[in-house]
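Analysis of the macromolecular model
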Amino acid sequence: MQHHAWFSESRFGMFVHWGLYSLAARHEWVKNRERLTDEDYQRYFDHFDPDLYDPAEWARLAKDAGMRYVVVTTKHHEGFCLWDSAYTDYKATRTPCGKDLIAPLVEAVRAEGLKVGFYHSLIDWHHPEFPVDSLHPQRDDEAYKSAAAGRDISKYADYLHAQVRELLTGYGRIDYLFFDFSYKEGGDWGGKGADDWRADELLATVRELQPSIIVNDRLGIPGDFVTPEQYQPAGPMTVDGREVPWEACQTLNGSWGYDRDNLDYKSPDLLVRMLVDSVAKGGSLLLNVGPDGRGQIDPRARRTLGDIGAWMRLNSRSVYGCGPSAFTAPPDCRYTQRGDRLYLHVFAWPFGHLHLPGLAGRVKYAQFLHDASEIRTRVIDPGQKAGLTTMGAPAPDALTLDLPVQRPDVAVPVIELFL
Ligand code: GLC
């Protein structure tokens, strides 16, 4: 398992799902969900022309949101390639768009000082040697299945390996790789996994070409970090009882690809709480955007990124380079810690005060992080009995914070404790 300081330092990245499905605008699995044939799907290829694509603006949006890396789909399950691959014609350069869409984005991301990541689908619903299985769009088409019976997965694996080599030799240093996904165990008929991809060989190639890259856990063999998807883990993630680096990948509205009519958007403050919750449990957040067929990040996604950026501008030091704390946070709060700085994130604003177990005598100074205004602290005499206007003593080792009635007007109020 490779570990890279930049990854645990960064804690927050942008995921970009973009492809022909962005034109269908009905979720990136539209070909599977609607059992579309290649012929049906050809109309998206024939009309793919993202004339408003501005990679510098995407990179800036990520930077301004406080994200430290960008991970873009080079190819998703539909099999369409956003770069000018020598191994297929099913690529952006052969559509009305006529351009390699990966090169300018990699450049723009680097220009903003952000790390570069690639998402690459192991699944390919377009490749002529990819055997039909229970996830394939033609899974119920008997005629199609019998015509496809002779497909040879090892020929597909050759294609996969060749394209990964192309991506890892054609765009300079790549910091992060997200393969997606293996499904041998899930009971899917024809499910595929490590052997089908020749995973060990592929991973060895990846490490040879990009020695400092980090790779996720979806090749069907162990990777450098695990990738819980669309849920927040209950605590630190472990493999065989050992805590491992993890990154939760999350959407803005449930769909990875642009999904026009799906308005189930998460609020910015919920997303900030998900980021904080991840860091408090030793993980990171990879937050997705699904640009549309014109190449734009839609206004609602921009606003959300802007609001998260407003919080990060004031509070990012409670995220970057932080991790879990040994102290137990009060209810409806989370702790993130970096050395002698402990950050108390208050998810539900209490009335008047908070008691922090175990911190009596351990804190030199306390302040709101958003405006550096002092928070007064005290240790209540353990013998103090609850009276008409006096509260009873909390836990003897607790430090009490005196809080204003008014909740600060930030997505999540943070109190910085100097230990
Ligand atoms: C799942 C989805 C896929 C998405 C990926 C992102 O595998 O099926 O569409 O790209 O998650 O993590």
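Here, every reference points to the structure presented above.
Residues numbered from 1 in each chain as written. Predicted model: local features only at pLDDT ≥ 70, side-chain atom pairs only at ≥ 80, totals over all residues. Heavy atoms only, no water.

Looking at the site of the ligand
In the vicinity of the ligand, 14 residues are found, and the nearest of them are His17, Glu28, Trp29, His76 and Asp180. Note that an oxygen atom of the ligand is positioned 2.7 Å from one of the side-chain N or O atoms of Glu28. A distance of 3.5 Å is found between an oxygen atom of the ligand and a side-chain nitrogen or oxygen belonging to Tyr119. When the free accessible area of the ligand is taken as 310 Å², the share hidden by the protein chains comes to 94%. Classifying every residue of the shell around the ligand by side-chain character gives seven nonpolar, three polar and four charged. (Near = heavy atom within 4 Å. Polar contact = N/O pair within 3.5 Å; in protein donor to acceptor, adjacent residues only side chain to side chain. Areas by Shrake-Rupley, 256 points an atom, 1.4 Å probe, with all protein chains shown as cover. Nonpolar A, V, L, I, M, F, W, Y, C, P; charged D, E, K, R; others polar.)

Quick look at the pairing of strand β4 (residues 176-180)
Counting buried residues along β4, five of its five residues qualify, which places the element largely inside the surrounding structure. Side-chain alternation along β4 places Tyr176, Phe178 and Asp180 on one buried face and Leu177 and Phe179 on a second face that is also buried. Bridge count between strand β3 (residues 115-121) and β4: five bridges; the pairing is parallel. Across the sheet, the residue bridging to His120 is Phe179, located in β4. Where β4 meets strand β5 (residues 214-215), two bridges bridge the pair, whose relative direction is parallel. In the sheet register, Leu177 faces β5, and the bridge partner there is Val215. (Buried < 20%, exposed > 50% of the residue type's maximum accessible area, 1.4 Å probe, protein only. Helix = DSSP H or I, 4+ residues; strand = E, 2+ residues; numbered from the N terminus. Pairing = 2+ DSSP bridges.)

Some words on helix α6 (residues 102-111)
Within α6, burial applies to Ile102, Leu105, Val106, Ala108 and Val109. Buried positions in α6, seen along its axis, are confined to an arc of 165 degrees and lie on one side of it. Opposite its buried face, α6 presents the exposed residues Glu107 and Ala111, each directed more than 90 degrees away. At the exit of α6 stands Gly113, carrying a positive phi of roughly 80 degrees. (Arc of directions from axis to C-beta.)

A short note on helix α4 (residues 38-46)
What α4 keeps buried is the set Tyr41, Tyr44 and Phe45. The buried side chains of α4 occupy one side of the element, clustering within an arc of 100 degrees when seen end-on. Here the buried face of α4 lies against α2 (21-24) and α3 (30-33). (Contact = heavy atoms within 4.5 Å.)

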